[in-house]
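These are the residues of each chain, in order.
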Amino acid sequence: MEIITPIQAMRAVRRAEPELSWGFVPTLGALHEGHLSLVRRARAENDRVVESIFVNPMQFERQSDLQAYPRTVERDADLLNAEGVDVVWTPDEAEMYPPGFQTVVDVQAVTRRLEGEHRPGHLQGVTTIVTKLFNVVRPTRAYFGQKDAQQAAAVRRLVLDLSMDIAIVVCPTEREADGLAMSSRNVLLTQEQRAAAPVLYRALSEAVRAWEAGEHQAEILRSWMKTRIESEPLAQIDYISVADPDTLEELHGPVDRALLSLAVYFGDVRLIDNMTVS
Ligand code: AMP
């Protein structure tokens, strides 16, 4: 496994084997089983696998969140080596954002609500860095998690709109035994917050069960989830949504397919999760 930092070195490795299929998994590092599930899928479907680890400052709207974000690059590299990854690319911040940097990639309607509304600039930071990473790696396939459903929807839109020849593969959310979606941020929770956090999973699962039992009214599904989250004193709701899975537009009345999603604070730690019904 090679660990590469300069853009030119990453380009050279890719250029050396143009005929092979390249799978790409972009991450912020602090890897867990969720990331590794993407890596395993990429490993199974491609000749070469590249994973990038880059804590992208442009997608953090709060300086405190950027600083607190866990960084475990050496451990990450060991895990990736064990998974048979070919290349770990750890871009340099100064090279990714050269002096005078002023170009952004803005996927419009899909990024305006939910995460876009509650974390201004976040998704524009994601779509800009993903475009840059794609330009250097030029993957055949790129792997994203359903855990970040809006991000996946924005990347799908981006690739379609900008005519990029890259297949976007979205993989299911990996969970802890108690249902909590795996996240690099989970380690920042106190013991009490960690014990309370599976309420997200329970609220979503109950809404899915209600939907399966015939309750298709968006308003009722939303209020069902709200009541469940509010029953947990350590949880503070940022948003609760029942939206169209592709456009992320909020839905009203009866729905035949929907993305149920929520963002909830436990102290300073913001967790997101979602499930789809169809
Ligand atoms: P991050 O490092 O948080 O930017 O995540 C990198 C990729 O891993 C993104 O495509 C995420 O959606 C995906 N991911 C994060 N957590 C999970 C999870 N629990 N299950 C599946 N994929 C995940």
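Use the structure listed above.
Rules of the game
Residues numbered from 1 in each chain as written. Predicted model: local features only at pLDDT ≥ 70, side-chain atom pairs only at ≥ 80, totals over all residues. Heavy atoms only, no water. Core = buried A, V, L, I, M, F, W, Y, C linked by side-chain atoms within 4.5 Å. Buried < 20%, exposed > 50% of the residue type's maximum accessible area, 1.4 Å probe, protein only. Helix = DSSP H or I, 4+ residues; strand = E, 2+ residues; numbered from the N terminus. Contact = heavy atoms within 4.5 Å. Phe/Tyr/Trp six-rings, centres within 6.5 Å; stacked < 30°, edge-to-face > 60°. Near = heavy atom within 4 Å. Polar contact = N/O pair within 3.5 Å; in protein donor to acceptor, adjacent residues only side chain to side chain. Areas by Shrake-Rupley, 256 points an atom, 1.4 Å probe, with all protein chains shown as cover. Nonpolar A, V, L, I, M, F, W, Y, C, P; charged D, E, K, R; others polar. Axes fitted to C-alpha atoms, helices over the stretch in contact; angles between N-to-C directions. Parallel < 35°, antiparallel > 145°, perpendicular 65-115°, else oblique.

A.B. asks: How should I be thinking about the nonpolar core in this particular structure?
C.D. replies: Among soluble globular proteins, nonpolar side chains are generally buried collectively. Counting 40 residues, the largest nonpolar core has M10, V50, W89, M96, V130, F134 and I168 as the members making the most contacts within it. Every element with two or more residues in this core is listed here: α1 (7-16), β2 (22-27), β4 (87-89), α7 (122-137), β5 (141-145), α8 (149-161) and β8 (258-266). Among the elements that make up this core, the one with the highest residue count is α7 (7 residues). Once you skip the residues sitting within four places of it in the chain, M96 turns out to touch I7, F54, W89, P91, F101, I129, K132 and L133. In this structure, V208, L221, F266 and V277 belong to the second largest nonpolar core, which totals 30 residues.

A.B. asks: Looking at this structure, I do not really get the packing of aromatic side chains. What am I missing?
C.D. replies: How two aromatic rings sit relative to each other is given by the distance of their centres and the angle of their planes. Overall, the coordinates contain 5 aromatic pairs when judged by the stated rule. Judged by centre distance (5.4 Å) and plane angle (75 degrees), the ring pair of F60 and Y69 falls under edge-to-face. The same class applies to F60 as to Y69, namely buried. A ring pair is formed by Y97 and F101, whose centres lie 4.9 Å apart and whose planes are at 80 degrees; its orientation type is edge-to-face. The class for F101 is partly exposed, based on a relative accessible area of 30%. An aromatic cluster of at least three residues, connected via ring pairs, comprises F24, F134 and F144.

A.B. asks: Quick question: what am I supposed to make of the site of the ligand here?
C.D. replies: Surrounding the ligand, one finds 17 residues, the nearest of these being L28, G145, D148, E174 and M182. Here G145 contributes a backbone N or O atom positioned 2.9 Å from an oxygen atom of the ligand. Side-chain polar atom of D148 to an oxygen atom of the ligand: 2.7 Å apart, as the coordinates give it. Protein contacts shield 93% of the accessible area of the ligand, which totals 490 Å² for the unbound molecule. Taken together, the elements giving at least two residues each to the shell around the ligand come down to β2, α2 (33-45) and β5. For the shell around the ligand, the per-class residue count stands at 7 nonpolar, 7 polar and 3 charged.

A.B. asks: When you look at the packing of α1 against α7 in this model, what are you seeing that I'm missing?
C.D. replies: A packed helix pair is summarised by two numbers, namely the angle formed by the two axes and the spacing between the axes. One can describe the packing of α1 onto α7 by two numbers: an axis separation of 8 Å at closest approach and a directional angle of 50 degrees. By the angle class used here, α1 and α7 are oblique. Counted together, I7, M10, R11 and R14 of α1 and N135, V136 and V137 of α7 form the full contact between these two elements. Residue classes in the contact of α1 with α7 are distributed as 4 nonpolar, 1 polar and 2 charged.

By themselves, these are just geometric observations and shouldn't be taken as functional.
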